[in-house]
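Fold and geometry: a report
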Amino acid sequence: MAYDRYVAVCNPLLYTDIMSPTLCVQVVVEAYIVGFFGSLIQLCALLQLNFCGPNGINHFCDLPQLLVLSCSETFFLQEIKFVIGVIFGVTSILIIMISYGYITATILKISSGRAKAFNTCASHLTAVTFLFGLGLFVCMHPSTDNSLGYDKMASVFYTVVIPMLNPLIYSLRNKEIKDTLKWCKKKRMFSHYHS
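Summary of the structure given here. (Residues numbered from 1 in each chain as written. Predicted model: local features only at pLDDT ≥ 70, side-chain atom pairs only at ≥ 80, totals over all residues. Heavy atoms only, no water.)

Observations concerning helix α5 (residues 75–109)
Rules: Note on conventions: DSSP H or I runs of at least 4 residues are helices, E runs of at least 2 residues are strands, and numbering of each starts at the N terminus. What a helix is expected to span follows from its residue count: subtract one and scale by 1.5 Å. One axis fitted to the seven residues ending at a residue, another fitted to the seven starting there: the angle between these axes is the bend at that residue. Partly exposed residues are those whose accessible area sits between 20% and 50% of the maximum for their type, while under 20% is buried and over 50% is exposed, using a 1.4 Å probe and protein chains only.
Across its 35 residues, α5 extends 50 Å between first and last C-alpha, which sits within 8% of the 51 Å expected from 1.5 Å per residue. The largest bend in α5 amounts to roughly 25° and is located at Val86. Of all the positions in α5, only Leu77, Gln78, Ile80, Lys81, Ile84, Gly85, Gly89, Ile96, Ser99, Tyr100, Ile103 and Ile107 are classed as buried.

This is the structure in structure tokens:
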């Protein structure tokens, strides 16, 4: 998505040539392959853990909560979780930030349409910031019994709430949605004053 925005802002006349359907499919397939292998590494390490007794998960099931339930040493898996977070999370954030650095430099060079260009990127940057911020929080800090509440809240937020907010975040750029929100706000204010 960051590359798509980069090409749209920095090379708008070449957009259809650069962002061909083949490239889009290639990028999606690469993202799925990288995500699959990242998850597979964690799964293989998780399968090495022992779980004693009747353990029940009374909340959202994610890797940090499973580490707390294990009766074997989890240091190795904690390290794997941290390294994968650095490799996938920090690398992705760096690529996105570099892309947005080029976008910002290009936007600052143009004389008209800056607001529209920044608006094009704002929704993506908002969604990415929320997703990566919470995802890295879960991956980077060690899981303990004391952090279980934070882990659960962050896990639910980045796996359920943020994907539900994505359509709203991306649709706020849409003129019809903006007009409808303004109309609802005026209607609410009008009904508030007359009641």
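Moving on from the coordinates now.
Quick notes on the nonpolar core
Selection rule: To qualify as a nonpolar core, a set must consist of buried Ala, Val, Leu, Ile, Met, Phe, Trp, Tyr and Cys residues joined through side-chain atoms within 4.5 Å.
Ranked by size, the top nonpolar core spans 10 residues in total: Ala2, Val9, Cys10, Ile96, Tyr100, Ile103, Ile107, Ala117, Cys121 and Val128. Those elements that provide at least two residues to this core are α1 (2–10), α5 and α6 (114–140). Here this core takes four residues from α5, the largest share from any one element. Judged by nonpolar contacts, the second largest core, of nine residues, contains Ala45, Leu46, Leu77 and Ile84.

Points about the packing of aromatic side chains
Definition in use: A pair of Phe, Tyr and Trp rings is counted when the ring centres sit within 6.5 Å of each other, with Trp represented by its six-membered ring. The angle between the planes then sorts it: under 30 degrees is stacked, over 60 is edge-to-face, the rest tilted.
Counted under the stated rule, the structure contains three aromatic pairs. Centre to centre, the rings of Phe36 and Phe37 are 5.5 Å apart; their planes meet at 70°, and the pair counts as edge-to-face. Note on Phe37: relative accessible area 46%, which makes it partly exposed. Put simply, the rings of Tyr3, Tyr6 and Tyr102 touch in pairs and so form one group of aromatic residues.

Overview of the side chain of Thr74
Looking at the element boundaries, Thr74 is found in the loop between α4 (63–69) and α5. What makes Thr74 buried here is its relative accessible area of 14%.

Re the packing of helix α3 (residues 21–46) against α5
Here is the rule we go by: Between the N-to-C directions of two axes lies an angle of 0 to 180 degrees, each axis being a line fitted to C-alpha atoms and, for a helix, fitted only over the stretch in contact. Oblique is the label for every angle not falling under 35 degrees (roughly parallel), over 145 degrees (roughly antiparallel), or within 65 to 115 degrees (roughly perpendicular). Contacts are assigned to residue pairs that have any heavy atoms within 4.5 Å of one another. Polarity classes work like this: nonpolar for Ala, Val, Leu, Ile, Met, Phe, Trp, Tyr, Cys and Pro, charged for Asp, Glu, Lys and Arg, and polar for all others, with Gly in that last group.
For the pair α3 and α5, the least separation of the axes is 10 Å and the interaxial angle reads 170°. With respect to their mutual orientation, α3 and α5 come out roughly antiparallel. Residues Val34, Gly38, Ile41, Gln42, Ala45 and Leu46 of α3 lie in contact with α5, whose contacting residues are Leu77, Ile80, Ile84 and Phe88. When the residues that make up the contact of α3 with α5 are grouped by side-chain class, the tally is eight nonpolar, two polar and no charged.

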